[in-house]
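Understanding the architecture of this molecule
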Amino acid sequence: MQEFEGSDLPGNYFEGRGDLALRVNRRYSLLSLVGHGGMGRVYRVEDSLRPGVPLIMKVKGADNRGIDGEGLQREFLTLSQLAHPSLPRAYDFAWVENLEGESEEVDSPPLHQPFMIRDYVEGEPLLKASAGFDLIDKISLLYQVSLALTYLHNQGLLYRDISSDNILVKGPSGSVGPQIFLMDMGLVMGIGAEGPRSGTAKYLAPEVLRGEAATLRSEVYAFGVLAYECLAGAHPFPEAKDTVSLVRAHLAKAVAPLLMLPPSLTSLLNALLDKEPERRPEDLRQAGEIFAEVLASLDQRVPRLLGVGEPLVKGRVALRHSLTKQLLAREGLDPHGARFWPREGRG
């Protein structure tokens, strides 16, 4: 269930609607049902303590399938203890104990089931959102993903479910470029913790498919698949049309190199997608460094590639990378000395 994809809500959609809606626990007004099924139910809601702020309520299904109560609570606890511009904020975890009012548009959530409140994120899955982007924009998005995952890894956590559908792209808005958000944190676990195999088959590393535990290097492989998809517009194994052939390809088939990319990116993808985990980078720091270096290099080549004046190019590059600079500033990060802006006075 894609919870947040492609909404055309007006900017004032949430204002004042709480007075007309079904209310949960005398606090949360249900504005609309975003999705439902085996995964439970997801509503757009308004919090009486945060009027006008777009929020999501994720409720466990009454049939005890789909959303796991412990997994939902783990997702809330994970998000509530993290602070990063690419992660939605979580505000509350509770049980549906009281329902007031009625609505012809929204079905009631089941009583006595757990729910979580978090930010509403309006956006599209990474691959869909980036389909029309140029190379600079695609690398910028992947750089953001690498920063967000590195942040999780530095907190001792594995995401364990890297996929395009779980990474939403929001924006651009005004002078701020597109921003990524990691969604669905219910499978996050500590590095080295034991747990069942999880993730999407398209992104699982060979060793995980063989039954080994997920590690930082298996996360590196999954990110490599995502990066390849984003840059090439196709999966590394496009001929694999079913799960069996996909598993076989992950285990044994070589990945075709993307020769139209800068050589450092081609080498990076080859390293990320190596079948042997010990030959991959130990984490995503190296990927972040290379993305930063390639962005800096592309920035310097733009005037010659486009054949236009320096002021226009500087404005274009500044617009596209304003978000990256904001992310770095907010996190106190230094992109390893790489420059994200054209150097003054270059020829």
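What counts, and where the lines are drawn
- Residues numbered from 1 in each chain as written.
- Predicted model: local features only at pLDDT ≥ 70, side-chain atom pairs only at ≥ 80, totals over all residues.
- Heavy atoms only, no water.
- Helix = DSSP H or I, 4+ residues; strand = E, 2+ residues; numbered from the N terminus.
- Contact = heavy atoms within 4.5 Å.
- Pairing = 2+ DSSP bridges.
- Axes fitted to C-alpha atoms, helices over the stretch in contact; angles between N-to-C directions.
- Buried < 20%, exposed > 50% of the residue type's maximum accessible area, 1.4 Å probe, protein only.
- Expected span 1.5 Å × (residues − 1).
- Core = buried A, V, L, I, M, F, W, Y, C linked by side-chain atoms within 4.5 Å.

Check the secondary structure of the chain and you find nine helices and 12 strands. At a minimum sequence separation of 6, the contacts of the chain that also span at least 24 residues come to 67%.

For the rest of this paragraph, the subject is the sheet that holds strand β10 (residues 167-170). Read across the open sheet, the three strands follow the order β8-β10-β11; overall the sheet is antiparallel. Lying at the two open borders of the sheet, with one neighbouring strand each, are β8 (124-125) and β11 (179-182). Strand direction decides the pairing type here: β8 and β10, joined by two bridges, are antiparallel. What sits directly across from E124, in β10, is V169. This element, helix α3 (residues 135-154), spans β10 and β11 of the sheet and lies at about 35° to β11.

Once that is clear, we can look at unusual backbone geometry. One non-glycine residue, R26, adopts positive backbone phi at about 60°. Relative to the helices and strands, R26 is located in the loop between β1 (22-24) and β2 (28-37). The phi angle at H112 is positive, at roughly 65°, despite the residue not being glycine. Structurally, H112 can be placed in the loop between β6 (99-100) and β7 (114-119). Overall, H112 belongs to the exposed group, its relative accessible area being 52%.

Here we come to the environment of L298. Positionally, L298 belongs in helix α8 (residues 285-306). For L298, a relative accessible area of 7% gives the class buried. In this structure, the C-alpha to C-alpha distance between L298 and I136, residues 162 residues apart in sequence, is 7.3 Å. When neighbours within four sequence positions are excluded, L298 is seen to be in contact with L135, I136 and I139.

If you trace the backbone, L147 turns up in helix α3. A relative accessible area of 16% places L147 in the buried class.

To continue, consider helix α1 (residues 69-80). An ideal rise of 1.5 Å per residue puts 16 Å on 12 residues; α1 measures up with 16 Å between its terminal C-alpha atoms. Summarising the contacts, the buried residues of α1 are in contact with β4 (50-59), β5 (90-95), β7 and β9 (157-158).

This next bit is on the side chain of N166. Along the chain, N166 falls in the loop between β9 and β10. Judged by its relative accessible area of 7%, N166 is buried. With residues up to four places along the chain from it excluded, the contact list for N166 reads Y159, D161, F181, L182, M183 and D184.

Right, let's get into the environment of P206. Here P206 shows up in helix α4 (residues 206-209). Through-space distance from the C-alpha of P206 to that of E276 is 8.0 Å; in sequence the pair is 70 residues apart. Leave out the neighbours within four places in its chain, and P206 touches Y221, H250, L251, K275 and R280.

Strand direction decides the pairing type here: strand β3 (residues 40-47) and β4, joined by six bridges, are antiparallel. Each bridged residue has a counterpart across the sheet, and for V45 the counterpart in β4 is L55. Here β3 folds back onto β4 in antiparallel fashion, the turn holding two residues. Note that β4 and β7 share five bridges and pair antiparallel. Bridge pairing in β7 links K58 to M116.

Take the nonpolar core next. Formed by 65 residues in total, the largest nonpolar core has its most connected members in L149, L152, L182, M185, F223, L265 and F291. It is α3 that contributes the most residues to this core, 11 residues altogether. Core analysis: the next-biggest nonpolar cluster, separate from the first, contains 14 residues, V24, Y28, A94 and F115 among them.

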